[in-house]
Amino acid sequence: MLKQYDLVVIGTGFASSFFLKKYLEKSSADKKVLILERGQFFPHAARLDQVRGKNVELVGKLEEARKSFVNKNTNKDWPFDVNFGGSSNCWWGCVPRFMPSDFKLKSQFGVGADWPITYDELENYYCEAEAIMSIAGPDNTPYSMSRPYPQPPHQLNTIDKLMQEKYGNQYISQPAARASRNVGKRSVCCTSYVCNLCPIDSKFTIENTLKELYDDPRVTLQYGAKVYSFETVNNAIKKVLFSLDGKDEVVEGEVVALGANSIFNSHILLNAGDSNKFTGSGISEQLGTYAYFYFKDLNNVGGGTSLSANGYMMYDGERRKTMSSCLIENHNEPFIRNEFGKWRHMAKFKFVFEDIPSEENRILLTSDRFIPEIDYKKHTSYVDKAMDNLEKDIDTYFSFLPIERVELDGYFQRTEAHNLSTTRMSENAGNGVVDKNLIHHQFRNLFVLGGSVFPSISAANPSLTISALSLKAADQNF
């Protein structure tokens, strides 16, 4: 007899965990929840030991993300973590909100697509997600907030202070899931710029903040479960199909929440026969490039965290009709300028550009039911136009500083470590895969969670918006 559950959740990353948190808060004590996690539990302490050359046996048992898919474009990287907590283990804790205009890209600027929700509809859930993560952020921001950030902002460095004096709330201490005060199990950020594996567990992760969700008596957590498809009956998900220890398994769920990532959300749906033309279409992410600023008689010192500030001067306005928005990051890493007497006369900025999801970039099926193929051809000219304008923008917004020279990388990094937009939100099935509540247009007992639902991707980091969307979906449907 098949095991039956009130809710089956696929994945344990941001999307799944924030959805689960809200679901458990609103559900009765007799509910039965099954969590199917593809990877294993690889705790923070063991990750640190691995860096020190220990836990070799454990590491050998862990699946490597890059081996879980076929990548047709070897110039493009798609990193993520397949284990418990997902990419909360390797993210950098950067949590700016999307701007109100990000939800109205088509109607406001004539490009891309609008979201079927607005900033105001999501704002309360932004606040809730920020409270859960104990975000450190400033009082004065370029977007409206109904509640202040839970923690005070990280200190700006000397360059940041000059920029903020010039641009006000268009240049702010970066909202960060890196603690500015001790909170729970998390210590104050050590500013060592190794946030992919925080040595002191300062940044928010599912493990250090939400692990107790998975100890709830209503919840059964199954590691090593590779979900590959669904069986459907009368436009509903009837069965969840997965492999465990090399053996095929099946469970039934009254409601299913698909919270893998954009690659595997769409791949599972394609395996299940989802024929919506947007399923698997539009995989995309932001593109980033670095610029190194060399100053005359100006020390760049201080700053309370690894990425100390965000600049919005190149983010909004008429420019978005012809070129992508840009979010500026000040990368406050330890560095020394290799010139006598000028050791700290420099800064490293990253310029992060949004792209527009393109249907030619897709997730495809292969002969292996577990292995998707990423067919990413290229980013759009929308990004290239912004990149071509970068030198002019730098001169416009930074020339008041005593700059000796600026060195541009001149190329985009291989990845921003975000994969987005393969099951986009829309008003109807003719324009996307899921509705404003993240429920599949066809399969009405299926929630599709995570960055795969983004109709457009913004220049901002996606994790906070992913978390807020999951809270909203569970809150408004249970």
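Source: prediction; values computed, not measured.

### With respect to the sheet that holds strand 13 (residues 362-364)
Working definition: the strands of a sheet are paired by backbone hydrogen bonds and lie parallel or antiparallel to each other.
Then comes step 1: Ordered in space as 3-14-13, the three strands form an open sheet in which the pairing is mixed. With one partner strand each, in any of the chains shown, strand 3 (70-71) and strand 13 form the two edges of the open sheet.
Then comes step 2: Inspection of the sheet shows strand 3 paired to strand 14 (residues 373-375) by two bridges, in the parallel sense. Looking at the pairing, Asn 71 lines up with Ile 374 of strand 14.
Then comes step 3: Here helix 8 (residues 262-271) sits on the sheet and contacts strand 13 and strand 14; the angle it forms with strand 13, its principal contact strand, is near 50°.

### So, the packing of aromatic side chains
Then comes step 1: Summed over the entire model, instances satisfying the criterion amount to 34 aromatic pairs.
Then comes step 2: Between the aromatic rings of Phe 84 and Tyr 223, the centroid separation amounts to 6.4 Å while the plane-to-plane angle is 70°, which identifies the pairing as edge-to-face. On the criterion of sequence distance, the pair formed by Phe 84 in the loop between strand 3 and helix 4 (105-109) and Tyr 223 in strand 5 (residues 219-223) is long-range, its members being 139 residues apart.
Then comes step 3: The class for Phe 84 is buried, based on a relative accessible area of 1%.
Then comes step 4: Classification of Tyr 223 as partly exposed rests on a relative accessible area of 22%.
Then comes step 5: Taking 5.6 Å as the distance between ring centres and 35° as the angle between the ring planes, the aromatic pair formed by Phe 447 and Phe 478 counts as tilted. Taken together, the residues span a long stretch of sequence, with Phe 447 in strand 16 (residues 446-448) and Phe 478 in the segment after helix 11 (463-475) at a distance of 31 residues.
Then comes step 6: Taking relative accessible area as the criterion, Phe 478 reaches 31% and is therefore assigned partly exposed.
Then comes step 7: In textbook terms, an aromatic cluster arises when at least three aromatic residues are bridged by ring pairs, as seen for Phe 98, Phe 103, Trp 115, Tyr 119, Tyr 126 and Phe 454.
Then comes step 8: Across the ring face of Phe 84, the terminal group of Lys 211 is positioned such that the distance to the ring centre comes to 5.7 Å.
Then comes step 9: The ring of Tyr 290 has Lys 348 sitting right over it, with the charged end atom 4.3 Å from the ring centre.

### Some words on the pairing of strand 6 (residues 225-233)
Then comes step 1: As paired elements, strand 6 and strand 7 (residues 236-244) share eight bridges and run antiparallel to each other. Considered in strand 7, the bridge of Val 227 is made with Phe 242.
Then comes step 2: Linking two consecutive strands that pair antiparallel, namely strand 6 and strand 7, is a turn of two residues; a positive phi of about 50° is found at Asn 234 within it.

### What about the environment of Asp 274?
Then comes step 1: Positionally, Asp 274 belongs in the loop between helix 8 and strand 9 (287-295).
Then comes step 2: Its relative accessible area of 5% is what places Asp 274 among the buried residues.
Then comes step 3: Expressed as a C-alpha distance, the spacing of Asp 274 and Val 433, which sit 159 residues apart in the sequence, is 9.4 Å.
Then comes step 4: Excluding residues within four positions of it along the chain, Asp 274 makes contact with Leu 269, Thr 279, Val 433, His 440 and Phe 443.
Then comes step 5: Only 3.0 Å separates the side chain of Asp 274 from the backbone nitrogen of Asn 276, close enough to count as a polar contact.

### Things to note about the side chain of Asn 445
Then comes step 1: Examined against the element boundaries, Asn 445 turns out to sit in the loop between strand 15 (403-408) and strand 16.
Then comes step 2: Of the polar contacts made by the side chain of Asn 445, one reaches the backbone oxygen of Glu 254; its length is 3.2 Å.
Then comes step 3: Not counting residues up to four positions away in its chain, the partners in contact with Asn 445 are Ala 236, Ile 237, Gly 253, Glu 254, Val 255 and Val 256.

### Looking at the packing of helix 1 (residues 14-26) against helix 11
Then comes step 1: Interaxial distance between helix 1 and helix 11 falls to 8 Å at its minimum, and their mutual angle equals 30°. Between helix 1 and helix 11, the interaxial angle falls into the category roughly parallel. Of the two elements, helix 1 crosses helix 11, and the hand of that crossing is right-handed. Contacts between helix 1 and helix 11 pair Phe 14, Ala 15, Phe 18, Phe 19, Lys 22, Tyr 23 and Lys 26 from the former with Ser 463, Ile 466, Ser 467, Ser 470, Leu 471, Ala 473, Ala 474 and Asp 475 from the latter.
Then comes step 2: Class assignment for the residues of the contact of helix 1 with helix 11 results in nine nonpolar, three polar and three charged.

So, how was this worked out
Residues numbered from 1 in each chain as written. Predicted model: local features only at pLDDT ≥ 70, side-chain atom pairs only at ≥ 80, totals over all residues. Heavy atoms only, no water. Pairing = 2+ DSSP bridges. Helix = DSSP H or I, 4+ residues; strand = E, 2+ residues; numbered from the N terminus. Contact = heavy atoms within 4.5 Å. Axes fitted to C-alpha atoms, helices over the stretch in contact; angles between N-to-C directions. Phe/Tyr/Trp six-rings, centres within 6.5 Å; stacked < 30°, edge-to-face > 60°. Buried < 20%, exposed > 50% of the residue type's maximum accessible area, 1.4 Å probe, protein only. Lys NZ or Arg CZ within 6 Å of the ring centre and 35° of its normal. Polar contact = N/O pair within 3.5 Å; in protein donor to acceptor, adjacent residues only side chain to side chain. Parallel < 35°, antiparallel > 145°, perpendicular 65-115°, else oblique. Left-handed = near helix turned anticlockwise from the far one by under 90°. Nonpolar A, V, L, I, M, F, W, Y, C, P; charged D, E, K, R; others polar.

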